[in-house]
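Structural overview
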Amino acid sequence: MILWVTLFLHGIVCAEAVNGLLGGLVDVDRNRVGDALNYAIMYHNRESNDTNISSMAELVSAKKQVVSGIVFHFTVKMAKTSCRKRISNEQCDAQDPAEAQTYECKFKVWEHPWINREPEVQQVCENH
């Protein structure tokens with residue numbers, strides 16, 4: 001079992017090393033960040049003191065870093081929606097772009113695919 005885990009991790013490291021320097025930041029295809037980005041936005045809403053849910057207005061940048069796992073670095077413009085927290089089955093559209101006050105958040109989402117636990121998230125939001 002340990003041999004298979006070692007070979008699996010070695011394969012990930014080798015594949016990622018081909019894509020960029022190991023430990024260095026590389027751009028990520030924005031179509032391939034869904035789970036990590038969705039998790040960051042869910043985390044943001046869960047941890048914020050706002051009464052309304054926020055959604056992503058724009059993905060400014062997406063990068064990844066291969067360390068002991070994968071760390072995704074996102075810069076996101078967020079906007080409050082008309083939906084209140086704790087009300088299910090609501091259509092949560094962002095406010096009218098002309099009226100919406102956006103704010104920028106930087107997220108780090110650290111995934112450990114071989115460990116069965118939720119990713120670790122760090123966030124810093126400005127003007128929020």
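Residues numbered from 1 in each chain as written. Predicted model: local features only at pLDDT ≥ 70, side-chain atom pairs only at ≥ 80, totals over all residues. Heavy atoms only, no water.

Here helix H2 (residues 34–47) is 14 residues long and its end C-alpha atoms lie 20 Å apart, about the 20 Å a rise of 1.5 Å per residue gives. Those residues of H2 that fall on the buried side of the exposure criterion are Ala36, Leu37, Tyr39, Ala40, Ile41, Tyr43, His44 and Asn45. Contact partners of the buried residues in H2: strand E2 (52–67), strand E3 (69–84), strand E4 (102–111) and strand E5 (120–126). (Helix = DSSP H or I, 4+ residues; strand = E, 2+ residues; numbered from the N terminus. Expected span 1.5 Å × (residues − 1). Buried < 20%, exposed > 50% of the residue type's maximum accessible area, 1.4 Å probe, protein only. Contact = heavy atoms within 4.5 Å.)

We now examine the nonpolar core. One finds Val33 and Phe74 to be the most contacted residues of the largest nonpolar core, which totals 20 residues. Going through the elements one at a time, H2, E2, E3 and E4 are the ones with two or more residues in this core. The element contributing the most residues to this core is H2, with six residues. Residues within four places of Val33 in sequence aside, it is in contact with Val28, Leu59, Ala62, Phe72 and Phe74. (Core = buried A, V, L, I, M, F, W, Y, C linked by side-chain atoms within 4.5 Å.)

Looking now at the layout of surface pockets. In this structure, the largest pocket encloses a volume near 270 Å³. Lining the largest pocket are 14 residues, and of these Arg32, Lys64, Ile70, Phe72 and Glu111 sit closest to its centre. Looking at the lining of the largest pocket, the elements with two or more residues in it are E3 and E4. Here the residues of the lining of the largest pocket sort into seven nonpolar, one polar and six charged. (1 Å grid on protein atoms, 1.4 Å probe; cavity = no way out; pocket = protein on both sides within 12 Å on 5 of 7 lines; lining within 4 Å. Points joined across faces, edges and corners; volume = space filled by probe spheres on them. Nonpolar A, V, L, I, M, F, W, Y, C, P; charged D, E, K, R; others polar.)

Any link to function would need more than the numbers given here.
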